[in-house]
Amino acid sequence: MTTTGSTSSVELSTQQGRMIVLAAVLGSGLAMLDGSVVNIALRTIGTELDASLAELVWINNGYLLTLASFILLGGSLGDRFGRRRIFVIGTIWFASASLLCGIAPNPETLIAARLLQGAGSALLTPGSLAMIQGAFRPEDRGQAIGTWSGLGSIFFAVGPFIGGALIDYASWRLIFLVNVPLAAATILVARRWVPETRNPDTTPGLDTLGAVFGALALGGTTYALIEWGSTAAWWSAAVGVAAAVAFLLREARTRHPMLPLTLFGDRIFSAANLMTLLVYAALGAISFFLVLQLQTGLGYSALRAGVGTLPITICMLFLAGKGGKLGSRIGPRIPMSVGPMMMALGALWLTVVSRDASYWTHVLPPLTLFGLGLALMVATLTATVLAAAPDRHAGIASGVNNAVARAGSLLAVAALPLAVGLTGEEYADPVALDAGFDKAMLVCAVMLAAGGLFSWLLIRNPRLLGDPESLPA
């Protein structure tokens with residue numbers, strides 16, 4: 001099955017429609033599973049491999065670095081050569097890198113394998129959304145994206161149970177090795193049920209130089225943040241800034257840009273991506289710091305710490321689809337403004353999680369509030385970004401949004417430990433971590449509140465702007 005046009009007419013209620021969503025969920029779920037489990041495993045990995053905090057940050061950020069660096073290229077390749085094809089290639093790559101992660105003998109090898117894993121994810125992640133955008137009829141896309149968001153949360157929900165149990169009772173290595181059979185199932189479903197779609201107006205040639213500049217910009221900046229204070233950090237920052245300028249100049253002048261800068265001429269597209277940067281920076285930082293706080297500060301095991309984050313995933317699992325339908329009905333402005341504000345209150349409330357905190361009174365309520373806000377806004381945010389771009393650019397639009405989200409998480413996790421005074425081995429010191437955790441949650445609350453404010457000021461419901469057809473379906 002191949003669709004060379006920009007749209008298709010698959011209905012969500014059909015068997016094929018359900019299987020397309022399943023393939024997208026399985027693919028993106030591989031990346032989600034690692035995101036929910038690796039944070040839980042960091043303390044155990046640090047102990048077993050004798051890793052420093054900087055190395056643990058790189059184990060987390062190595063994956064995010066290559067994912068964010070090459071995800072635009074992954075989206076562009078999908079639009080050009082076929083979204084299903086690049087999705088399947090990325091899944092194979094991701095599984096192979098996961099195998100290398102599972103057998104890594106030291107922190108350096110694990111970091112290298114995580115870099116490779118992120119590159120594979122950069123191919124499969126934009127394809128998961130672009131396949132939905134390209135295959136489903138417009139009126140089913142909003143609900144399909146909401147279903148994709150909600151079902152994807154199953155991986156977050158299952159991850160803490162399976163990951164925590166594997167870490168506590170077997171080995172942290174199995175959290176990577178389990179990706180191999182999941183990847184095999186993903187490939188089987190995608191090849192059997194997902195129609196091939198691509199951009200019919202694609203032009204010959206790849207913007208390889210643009211991809212290199214983009215990777216250098218993000219890589220240089222991230223390395224500088226992680227290694228701040230060293231001589232190499234200053235050189236790395238200079239390389240990052242120079243590469244960012246070169247990337248923008250390249251994309252503005254080349255005939256066949258990897259990232260058409262005209263996409264950002266749409267105010268809603270730009271505003272939604274700005275909100276994505278702030279919200280996902282906070283989300284990544286909270287995921288990183290909270291699990292460490294539960295383990296180091298409150299003495300939780302890996303399994304208990306993982307299960308402790310379940311309120312967020314339960315909210316996503318049962319309510320993300322409804323949030324997407326609400327956004328389709330009333331427009332994106334309210335969900336994208338109120339949701340981040342609820343998350344900001346949840347982050348601020350998390351500052352009460354100290355060494356003597358009770359889970360039921362200090363952890364559960366703020367996490368539930370945070371999860372409700374996330375479920376309200378996440379599907380609407382994604383649908384708004386995709387609806388603001390032409391269908392022929394579904395892959396690159398998905399890639400942009402995913403790149404912005406991953407870059408936000410990456411930069412926050414790289415910068416916040418230093419900003420809140422955590423360096424070296426202090427992640428294992430309950431007193432030092434407790435003080436740093438409070439500061440980190442305050443910063444996250446400010447970022448989330450800013451995201452909600454920007455959405456209220458910059459997002460307008462398309463229906464109110466006189467264009468009812470442009471409202472995300």
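Conventions used here
Residues numbered from 1 in each chain as written. Predicted model: local features only at pLDDT ≥ 70, side-chain atom pairs only at ≥ 80, totals over all residues. Heavy atoms only, no water. Helix = DSSP H or I, 4+ residues; strand = E, 2+ residues; numbered from the N terminus. Buried < 20%, exposed > 50% of the residue type's maximum accessible area, 1.4 Å probe, protein only. Contact = heavy atoms within 4.5 Å. Areas by Shrake-Rupley, 256 points an atom, 1.4 Å probe, with all protein chains shown as cover. Phe/Tyr/Trp six-rings, centres within 6.5 Å; stacked < 30°, edge-to-face > 60°. Lys, Arg positive; Asp, Glu negative; His and termini not counted. Salt bridge = Lys/Arg side-chain N within 4 Å of Asp/Glu carboxyl O. Patch = residues over 30% accessible without salt bridge, like charges linked within 9 Å, V, L, I, M, F, W, Y side chains within 5 Å. Axes fitted to C-alpha atoms, helices over the stretch in contact; angles between N-to-C directions. Parallel < 35°, antiparallel > 145°, perpendicular 65-115°, else oblique. Nonpolar A, V, L, I, M, F, W, Y, C, P; charged D, E, K, R; others polar. Core = buried A, V, L, I, M, F, W, Y, C linked by side-chain atoms within 4.5 Å.

## Some remarks on the overall build of the protein
Phase 1 of the analysis: When helices and strands are tallied, the protein shows 16 helices and 2 strands.
Phase 2 of the analysis: Of all 473 residues assigned to the protein, the portion counted as buried reaches 59%.
Phase 3 of the analysis: Counting only contacts in the protein whose residues sit at least 6 apart along the sequence, the fraction spanning at least 24 positions is 86%.
Phase 4 of the analysis: When the accessible surface of the protein is summed, it comes to about 17,500 Å², and 67% of that surface belongs to carbon and sulfur atoms.

## A look at the packing of aromatic side chains
Phase 1 of the analysis: Enumeration over the complete set of coordinates arrives at 5 aromatic pairs.
Phase 2 of the analysis: Taking 6.4 Å as the distance between ring centres and 75 degrees as the angle between the ring planes, the aromatic pair formed by Tyr-63 and Phe-94 counts as edge-to-face. Taken as a pair, Tyr-63 in helix 2 (residues 53–81) and Phe-94 in helix 3 (residues 83–102) lie far apart in primary sequence, 31 residues in all.
Phase 3 of the analysis: Judged by relative accessible area, which is 4%, Tyr-63 ranks as buried.
Phase 4 of the analysis: Residue classification places Phe-94 among the buried positions, given a relative accessible area of 0%.
Phase 5 of the analysis: Plain terms: the ring middles of Tyr-359 and Trp-360 are 5.3 Å apart, the flat faces sit at 85 degrees to each other, and that makes the pair edge-to-face.

## Concerning the side chain of Glu-55
Phase 1 of the analysis: Its location among the elements puts Glu-55 in helix 2.
Phase 2 of the analysis: Within the buried core, Glu-55 has no salt-bridge partner, and the shortest N-O distance to an opposite charge, that of Arg-173, equals 13 Å.
Phase 3 of the analysis: In this structure, Glu-55 is in contact with Asp-50, Pro-107, Glu-108 and Ile-111, ignoring residues within four places of it in sequence.

## Quick look at the pattern of salt bridges
Phase 1 of the analysis: Counted according to the given criterion, the structure contains 1 salt bridge.
Phase 2 of the analysis: Residue Glu-48 pairs with Arg-173 through a salt bridge whose shortest N-O separation is 3.9 Å. With Glu-48 in helix 1 (residues 15–49) and Arg-173 in the loop between helix 5 (138–169) and helix 6 (174–177), this residue pair connects regions lying 125 residues apart in the sequence.

## Structural notes on unusual backbone geometry
Phase 1 of the analysis: In the Ramachandran plot, Asp-50 falls in the positive-phi region, its phi being about 55 degrees despite a non-glycine side chain.
Phase 2 of the analysis: When you line up the elements, Asp-50 lands in the loop between helix 1 and helix 2.

## Brief notes about a nonpolar patch on the surface
Phase 1 of the analysis: On the surface, a cluster of nonpolar side chains totalling about 590 Å² of accessible area is made up of Ile-330, Ile-334, Val-338, Met-341, Leu-453, Trp-456 and Leu-457.
Phase 2 of the analysis: Counting only elements with at least two residues in the nonpolar patch, the list comes to helix 13 (333–349) and helix 16 (430–458).
Phase 3 of the analysis: Turning to its location among the elements, Leu-453 is positioned in helix 16.

## Quick look at the packing of helix 3 against helix 7 (residues 179–193)
Phase 1 of the analysis: Close contact between helix 3 and helix 7 brings their axes to 9 Å; oriented N to C, the two are set at 170 degrees. Taken together, helix 3 and helix 7 sit at an angle that is classed as roughly antiparallel. Together, Arg-84, Phe-87, Val-88, Thr-91, Ile-92, Phe-94, Ala-95 and Ser-98 of helix 3 and Asn-179, Val-180, Ala-183, Thr-186, Ile-187, Ala-190 and Arg-191 of helix 7 make up the contact between the two elements.
Phase 2 of the analysis: Split by residue class, the contact of helix 3 with helix 7 holds 9 nonpolar, 4 polar and 2 charged.

## Examining the nonpolar core
Phase 1 of the analysis: Ranked by size, the top nonpolar core spans 134 residues in total, and within it Leu-110 and Phe-289 carry the most contacts.
Phase 2 of the analysis: Per element, the largest residue contribution to this core is 18 residues, and it comes from helix 10 (residues 267–297).
Phase 3 of the analysis: The residues touching Phe-289, leaving out its near neighbours within four places in the chain, are Leu-416, Pro-417, Val-420, Leu-422, Phe-437, Ala-440 and Met-441.

## Description of the environment of Ile-71
Phase 1 of the analysis: Relative to the assigned elements, Ile-71 resides in helix 2.
Phase 2 of the analysis: On the accessibility criterion, Ile-71 (0% relative accessible area) is buried.
Phase 3 of the analysis: Spatially, the C-alpha atom of Ile-71 lies 8.6 Å from that of Ile-396, the residues being 325 residues apart in sequence.
Phase 4 of the analysis: Excluding its chain neighbours within four sequence positions, the residues that come into contact with Ile-71 are Ala-122, Thr-125, Pro-126, Gly-399, Asn-402 and Ala-403.

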